[in-house]
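A structural walkthrough
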Amino acid sequence: MSMGNGSGSGSATNQSSSDGVSISSSEDSHTTDLPLEARVAIFVCRCFIYVCSMGQWVGFHVKYSMKDFRNNAVVRLGRCTVPEYLYTWQGWSSLLLTMLLFSMLAME
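What this report covers is the structure whose coordinates are included nearby. Computed from a predicted structure; not experimentally measured.

Overview of the pairing of strand E4 (residues 74–77)
Across four bridges, E4 lies against strand E5 (residues 80–83) in antiparallel orientation. Its bridge partner being in E5, Val-75 is matched across the sheet by Val-82. Joining the antiparallel neighbours E4 and E5 is a turn of two residues, in which Gly-78 adopts a positive phi near 70°.

Shown next as structure tokens:
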């Protein structure tokens, strides 16, 4: 990336403020030079990851939450009732994974 006077497409501009702090910006920071086929392949892979992986975990947590609530297998944590399966390391870690996948999807 060239740091110049800002002329030309896609070049970064470098501005100095009065306090000596340098601010860099890129005109094309959100565009990509990948061909359409590569972008479609990335999109398909991301859809596969989100639908298969996150869908499986959401189904798992809904199933076991409903099971624990129906059997009254819950633990009071302050004012909240938490399903008992979340007190195992597998339960809370898979819930954390599901929340991270959901946040990744939200950031897409």
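There's plenty left to go through after this.
Quick notes on the side chain of His-61
Among the structural elements, His-61 can be located in helix H1 (residues 36–70). Judged by its relative accessible area of 7%, His-61 is buried. Once residues lying within four places of it in the same chain are set aside, the contact partners of His-61 are Tyr-85, Gly-91, Ser-94, Leu-95 and Thr-98.

Quick look at the environment of Thr-98
On the secondary structure map, Thr-98 appears in helix H2 (residues 89–107). Residue class for Thr-98 comes out buried when judged on its relative accessible area of 9%. Measuring from C-alpha to C-alpha, the distance between Thr-98 and Met-54 comes to 6.0 Å, with 44 residues separating the pair along the chain. Each residue touching Thr-98, except ones within four places of it in the same chain, is listed here: Met-54, Trp-57, Val-58 and His-61.

The rules we used
Residues numbered from 1 in each chain as written. Predicted model: local features only at pLDDT ≥ 70, side-chain atom pairs only at ≥ 80, totals over all residues. Heavy atoms only, no water. Pairing = 2+ DSSP bridges. Helix = DSSP H or I, 4+ residues; strand = E, 2+ residues; numbered from the N terminus. Buried < 20%, exposed > 50% of the residue type's maximum accessible area, 1.4 Å probe, protein only. Contact = heavy atoms within 4.5 Å.

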